[in-house]
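What follows is the residue order along each chain.
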Amino acid sequence: MLTFALSKGRLADKIFKMLKELNLCDIKILDDDRRLIIEQGNFRFFLAKPSDVPTFVDNGVADLGVVGKDTIIEEKRDIAELLDLGFGKCRMCVCAPKEDGDKYKNIVNLRVATKYPNIAKAYFDSMGQNTTIIKLNGSVELAPITGLSDCIVDIVESGRTLKENGLEDVTTIHDLSARLVANPASLKTKYDEISSVVEGFRTLLKEK
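No experiment lies behind these values; they were computed from the predicted model shown.

Attention now goes to helix H4 (residues 117-126). Since the α-helix packs 3.6 residues into each turn, any two residues three or four apart lie on the same face. Of the positions making up H4, those classed as buried are Ile119, Ala120, Tyr123 and Phe124. Buried residues in H4, looked at end-on, bunch into an arc of 115 degrees, giving them a common side. Residues of H4 that are buried sit in contact with helix H3 (69-75), strand E6 (90-97), strand E7 (110-114), strand E8 (131-135), strand E9 (151-156) and strand E10 (167-176).

See below:
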């Protein structure tokens, strides 16, 4: 049996659809469904928070997981990235007030608000810029508006929220999308089963 860790919602729905197209299972999640574990055929699925998916895979509780590249980078778990699934595309960006543009590059002690402190620190360290990283869990756009920070590091999709709050994306740090990941030990012990799923997904992606 192969065990998947998935985050409930659009991402899980896409994976279930792909598995159905491969005739491997046929699962539908209704809005009022509260199950956290689902089993069908040779598959078991854990429905977890996105940030917890790498943890389940790293610890061997799940053989496979589907998670955004942002979470993979931020969590720094010992997992193998197998396939770019191509959906959930967005960008991790440095964003600042429109009137400031890229002036943040010249601030000696830069204050950066973000939900992704590891990603933000790694980026600014690579640029040789001294920063104070301010971890926020909610709307990071509030930080520069209220004077809490000079800029933010956040995920940008359409950019609408930024524009409505007087901000703009200035620098792209990473291009992001959903990725199929695996536990390194499972890759050895369940190589044939995992390879079959990977090749099936790869074939479907080529057809789209």
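From this point on, the discussion continues.
With 5 of 5 residues buried, strand E4 (residues 64-68) is to be regarded as a mostly interior element. Neither face of E4 is exposed, since Leu64, Val66 and Gly68 on one face and Gly65 and Val67 on the opposite face are all buried. In this sheet, E4 lies alongside strand E1 (residues 2-7) in parallel orientation, the contact comprising 2 bridges. For phenylalanine 4, the partnering residue across the bridge sits in E4 and is leucine 64. For E4 and strand E11 (residues 178-182), the ladder comprises 5 bridges, and the chain directions are antiparallel. Of the residues in E11, the one forming a bridge with glycine 65 is valine 181.

Geometrically, a pair of aromatic rings is defined through the distance of the ring centres and the angle of the planes. Considering all chains together, one arrives at 7 aromatic pairs under this definition. Taken together, a centroid distance of 6.0 Å and an interplanar angle of 15 degrees make the contact between phenylalanine 43 and phenylalanine 45 stacked. Taking the relative accessible area as the measure of exposure, phenylalanine 43 reaches 5% and is therefore buried. Residue classification places phenylalanine 45 among the buried residues on the basis of a relative accessible area of 0%. Taking the centre distance of 6.2 Å and the plane angle of 90 degrees together, the rings of tyrosine 104 and phenylalanine 124 count as edge-to-face. Highlighted residues: tyrosine 104 in the loop between E6 and E7 and phenylalanine 124 in helix H4, separated in sequence by 20 residues. In terms of burial, tyrosine 104 and phenylalanine 124 fall into one category: buried. Taken together through their ring pairs, the aromatic side chains of Phe4, Phe16, Phe43 and Phe45 make up a single cluster.

This paragraph deals with the packing of helix H1 (residues 10-21) against helix H8 (residues 191-207). Where H1 meets H8, the closest approach of the two axes is 10 Å, and the angle between their N-to-C directions is 95 degrees. In terms of their interaxial angle, H1 and H8 are classed as roughly perpendicular. The residues of H8 that touch H1, namely those facing Ile15, Met18, Leu19 and Glu21, are Phe201, Leu204 and Leu205.

As a further point, take the sheet that holds strand E3 (residues 43-48). As summarised here, the arrangement of the 6 strands in space is E2-E3-E1-E4-E11-E5, forming an open sheet in which the pairing is mixed. Edge strands, defined here as strands with exactly one partner in the open sheet, are strand E2 (37-40) and strand E5 (80-84). Neighbour-to-neighbour, the strand axes of this sheet turn through a mean angle of 25 degrees, independent of strand direction. Relative to E11, E5 is paired through 4 bridges, and the arrangement is antiparallel. The partner of leucine 83 across the bridge, within E11, is leucine 180. Along the sheet, H1 contacts E1, E3, E4 and E11; its crossing angle with E1, the most-contacted strand, is approximately 145 degrees.

Structurally, aspartate 154 can be placed in strand E9. This buried residue, aspartate 154, is left without a salt bridge; lysine 115 holds the nearest opposite charge, at 4.8 Å. Those residues in contact with aspartate 154 that sit more than four places away from it in its chain are Arg91, Met92, Cys93, Lys115, Tyr116, Val140 and Glu141.

On to the pattern of salt bridges, then. The full count for this structure, using the stated rule, is 13 salt bridges. Residue glutamate 81 pairs with arginine 179 through a salt bridge whose shortest N-O separation is 2.6 Å. Residue glutamate 81 is found in strand E5, and its partner arginine 179 is found in strand E11; the two are separated by 98 residues along the sequence. Overall, the relative accessible area of 37% leaves glutamate 81 in the partly exposed class. Linking arginine 179 and aspartate 84 is a salt bridge whose minimum nitrogen-to-oxygen distance equals 3.6 Å. Within this pair, whereas arginine 179 is found in strand E11, its partner aspartate 84 is found in strand E5, the two being separated by 95 residues in sequence. On the basis of relative accessible area, aspartate 84 is assigned to the partly exposed category, the value being 39%. Within the structure, one salt-bridge network assembled from shared partners comprises Lys69, Glu81, Asp84 and Arg179.

The rules behind the values
Residues numbered from 1 in each chain as written. Predicted model: local features only at pLDDT ≥ 70, side-chain atom pairs only at ≥ 80, totals over all residues. Heavy atoms only, no water. Buried < 20%, exposed > 50% of the residue type's maximum accessible area, 1.4 Å probe, protein only. Helix = DSSP H or I, 4+ residues; strand = E, 2+ residues; numbered from the N terminus. Arc of directions from axis to C-beta. Contact = heavy atoms within 4.5 Å. Pairing = 2+ DSSP bridges. Phe/Tyr/Trp six-rings, centres within 6.5 Å; stacked < 30°, edge-to-face > 60°. Axes fitted to C-alpha atoms, helices over the stretch in contact; angles between N-to-C directions. Parallel < 35°, antiparallel > 145°, perpendicular 65-115°, else oblique. Lys, Arg positive; Asp, Glu negative; His and termini not counted. Salt bridge = Lys/Arg side-chain N within 4 Å of Asp/Glu carboxyl O.

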